[in-house]
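Residues per chain are reported as follows:
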Amino acid sequence: MSAVTDRLPTFPWDKLEPYKATAAAHPDGIVDLSVGTPVDPVPELIQKALVAAADSPGYPTVWGTPELRDALTGWVERRLGARDITHHHVLPIVGSKELVAWLPTQLGLGPGDKVAFPRLAYPTYEVGARLARADHVAYDDPTDLDPTDLKLLWLNSPSNPTGRVLSAAELTRIVAWAREHDILVFADECYIELGWEADPVSVLHPDVCGGSYEGIVSVHSLSKRSNLAGYRAAFLAGDPAVLGDLLQIRKHGGMMTSAPTQAAVIAALSDDTHVREQRERYAARRTALRDALLQHGFRIEHSEASLYLWATRDESCWTTVAHLADLGILVAPGDFYGPAGDNFVRVALTATDERVNAAVARLQR
């Protein structure tokens, strides 16, 4: 086992424990804005669908039921603007983090192959490369990379942690460059429903991909849009050749979404009302926290989408973490997402209205 764990970095969140203890000691309790985990209820129609499917004694299939695939293809066409999406263009997965961590291994990558991801990025992109013993490289603009031995290119728009959104023109240019060099593109679009000052575009939109899905796959999650982080519900959409291979590999590995969760996903993707209501909750929390941080002397960069505010006081991120912990507010240090985040913190919008109001009051004192 040590041969595997030795390849991995220190789990970053363990470093935050002393600051969490400080914040928890606040007389009015901790306001935890560090992890983007949903706190609002699972919508009732989704709970009912899960309960109705609870009597599921048989094994589910990795590809999902035909009804699930209908729901996935319908949402991809309706929400992303993609065209001619069939069942072969979609694949359910057991939460998006599982996919990110194991994708390089499932693609057969190894020593000498390169995996690229943004310079400020979700740390699991690097973890996935390390698990496969592949090389990894961070970028500001992927088209500046040496394409030699580059086999997998991760895009992330809207970005975690910065909330930056890549325009349709930027995505089109990157996809064209990747295809020119035969590089597989996986676009993490898990926050695409949460655009605030920008309207995120999918790589599957015909304006970006030219109507062809060759060499591109998008990753989607129901954790944020539908408060289903506890259900582990996500899916892929894109190149049927890539997804067909992944389906066979995942069949052998038993990587199947539970039958009740599949039923819940069908219900979630068939309803847009709960998504709109959840967006309104996050929008209100975002406005309150953003204004309070600015008044407290922070500068906000990017943050035009996603569930986070990327904030700085132009000091070490750990100095900022300590300062806010003294106020009973816990945030994520920017260096969790790469050295380029040394002077930033990531502030999540995922706290109850009561806790957000408490944070605002403390920042305004």
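Anyway, here's the lowdown on the structure attached to this text. No experiment lies behind these values; they were computed from the predicted model shown.

Quick notes on the rules
Residues numbered from 1 in each chain as written. Predicted model: local features only at pLDDT ≥ 70, side-chain atom pairs only at ≥ 80, totals over all residues. Heavy atoms only, no water. Core = buried A, V, L, I, M, F, W, Y, C linked by side-chain atoms within 4.5 Å. Buried < 20%, exposed > 50% of the residue type's maximum accessible area, 1.4 Å probe, protein only. Contact = heavy atoms within 4.5 Å. Helix = DSSP H or I, 4+ residues; strand = E, 2+ residues; numbered from the N terminus. Expected span 1.5 Å × (residues − 1). Axes fitted to C-alpha atoms, helices over the stretch in contact; angles between N-to-C directions. Parallel < 35°, antiparallel > 145°, perpendicular 65-115°, else oblique. Nonpolar A, V, L, I, M, F, W, Y, C, P; charged D, E, K, R; others polar. Pairing = 2+ DSSP bridges. Salt bridge = Lys/Arg side-chain N within 4 Å of Asp/Glu carboxyl O.

Structural notes on the nonpolar core
Core analysis: the largest hydrophobic core is formed by 68 residues, its most contacted members being L33, W154, F186 and L236. Other than its neighbours up to four places away in sequence, F186 contacts L99, L103, L152, L153, W154, L155, V217, V219, L236, V242 and L246. In terms of nonpolar packing, the next biggest core, distinct from the first, is built from 43 residues, V42, I85, Y139 and A264 among them.

So, helix α11 (residues 273-295)
Taking 1.5 Å of rise per residue, 23 residues should cover 33 Å, and α11 covers 34 Å from first to last C-alpha, within 8% of that figure. Within the sequence span of α11, burial applies to H274, V275, Q278, Y282, R285, R286, L289, A292 and L293. Packing partners of the buried residues in α11 comprise α3 (44-52), α10 (259-269), β9 (299-301), β10 (308-312), β13 (345-348) and α13 (353-364).

Here we look at the environment of A311
Secondary-structure assignment places A311 in strand β10. Accessibility expressed as a relative area gives 0% for A311, which makes it buried. Sequence-distant contacts of A311, that is, excluding residues within four places in its chain, are made with F298, R299, I300, N343, F344 and V345.

Focus: the packing of helix α5 (residues 96-106) against helix α9 (residues 240-253)
Running from N to C, α5 and α9 point in directions that differ by 100 degrees, and their axes come no closer than 12 Å. Considering the angle they form, α5 stands roughly perpendicular to α9. Contact with α5, carried on its side by E98, L99, L103 and Q106, involves L246, I249 and R250 of α9 and no other residues of that element. Across the contact of α5 with α9, the residue classes break down as four nonpolar, one polar and two charged.

A closer look at the sheet that holds strand β4 (residues 135-139)
With respect to topology, seven strands assemble into an open sheet ordered β2-β8-β7-β6-β5-β3-β4, the strand pairing being mixed. Each having just a single partner strand, β2 (90-93) and β4 make up the two edges of the open sheet. Between one strand axis and the next, the sheet turns through 20 degrees on average, direction left out of account. Both strand β7 (residues 216-221) and strand β8 (residues 234-238) contribute to a ladder of five bridges, which runs antiparallel. Along β8, the bridge assignment pairs V219 with L236.

Some words on the pattern of salt bridges
For the coordinates displayed, the defined rule picks out 19 salt bridges. Ionic pairing is found between D353 and R285, a salt bridge with its closest N-O pair at 2.7 Å. You can see D353 sitting in helix α13 and its partner R285 sitting in helix α11, a full 68 residues away along the chain. Owing to a relative accessible area of 43%, D353 belongs among the partly exposed residues under this scheme. With relative accessibility at 3%, the residue R285 sits in the buried group.

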